[in-house]
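# Notes for the structure review
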Amino acid sequence: MPTPTRDIDTDADIALFVAHFYERIRQDPDLGPIFDGVAQVNWPEHLPKIERFWSSMLLGTGTYAGNPMPVHFELARKTPIRPAHFTQWLALFRQTLTEHFTGERTQEALLRAQGIATVMQGRLRGMELLNG
Ligand code: HEM
């Protein structure tokens, strides 16, 4: 893979990294079964939703209306979620982004993901829904 030279600039860029990211997630031995087994994710619905989420975060389009937190609280009631799951989620996110893009918005995406993961884990911990 050649060194990336451009930043995330458009919804098409977001769609590209989202598709690649969830391909990796589904192949991951620990995360894959959570998405495809426990949550039975409907991918044709989930991917456009996640694209809107990142579009709103990074491009300020305001196309995502929702709150990701409760979805993950529900998930943690169904299956044990550990800090290691978040570490791996973030590692795959970083790998995917930096494989394709470089620049300020790419860095912002990584920081936002890290921040949300930290808040999510804090909230799960507070509800005694984080294992280990
Ligand atoms: C251990 C790590 C994580 C796991 C296992 C996980 C898993 C999931 C699952 C199973 C869904 C539901 C998909 C569906 O049925 O449509 C979901 C939704 C979502 N996740 Fe995560 N997630 C993780 C971390 C994160 C992080 C760190 C972020 C944000 C940076 C995030 C953002 C979202 C968003 C925006 C949704 C859609 C929420 C909605 O329905 O509006 N997730 N996640």
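Residues numbered from 1 in each chain as written. Predicted model: local features only at pLDDT ≥ 70, side-chain atom pairs only at ≥ 80, totals over all residues. Heavy atoms only, no water.

For the rest of this paragraph, the subject is the coordination of the iron atom of the ligand. No protein donor other than His-72 (NE2) coordinates the iron atom of the ligand, and that contact is at 2.0 Å. Mapped onto the elements, His-72 comes out in helix 4 (residues 68-78). (Donors = N, O, S within 2.8 Å, 3.2 Å for Na, K, Ca; no water. Helix = DSSP H or I, 4+ residues; strand = E, 2+ residues; numbered from the N terminus.)

On to the pattern of salt bridges. Applying the stated criterion across every chain, the model contains six salt bridges. Linking Glu-108 and Arg-112 is a salt bridge whose minimum nitrogen-to-oxygen distance equals 2.9 Å. Here the residue Glu-108 and the residue Arg-112 both occupy positions in helix 6 (residues 104-126), the gap between them amounting to four residues, near one helical turn. (Salt bridge = Lys/Arg side-chain N within 4 Å of Asp/Glu carboxyl O.)

Around the ligand, the structure places 20 residues, and the nearest of them are Phe-35, His-46, Lys-49, Tyr-64 and His-72. A distance of 2.9 Å is found between an oxygen atom of the ligand and a side-chain nitrogen or oxygen belonging to Lys-49. Counting residues per element, the ones that place at least two in the shell around the ligand are helix 3 (43-59), helix 4, helix 5 (83-100) and helix 6. The leading source of residues in the shell around the ligand is helix 3, at five residues. Split by residue class, the shell around the ligand holds 16 nonpolar, three polar and one charged. (Near = heavy atom within 4 Å. Polar contact = N/O pair within 3.5 Å; in protein donor to acceptor, adjacent residues only side chain to side chain. Nonpolar A, V, L, I, M, F, W, Y, C, P; charged D, E, K, R; others polar.)

A word on the packing of aromatic side chains. Applying the stated rule across the entire model yields 12 aromatic pairs. Here the aromatic rings of Trp-54 and Phe-93 are separated by 5.1 Å at their centres, their planes lie at 25°, and the arrangement is stacked. One end of the pair, Trp-54, is in helix 3; the other, Phe-93, is in helix 5, and 39 residues separate them in sequence. The exposure class of Trp-54 is buried, given its relative accessible area of 3%. Taking relative accessible area as the criterion, Phe-93 reaches 1% and is therefore assigned buried. Among the aromatic side chains, those forming a connected cluster through ring pairs are Phe-17, Phe-21, Tyr-22, Phe-35, Trp-43, Phe-53, Trp-54, Tyr-64, Trp-89 and Phe-93. (Phe/Tyr/Trp six-rings, centres within 6.5 Å; stacked < 30°, edge-to-face > 60°. Buried < 20%, exposed > 50% of the residue type's maximum accessible area, 1.4 Å probe, protein only.)

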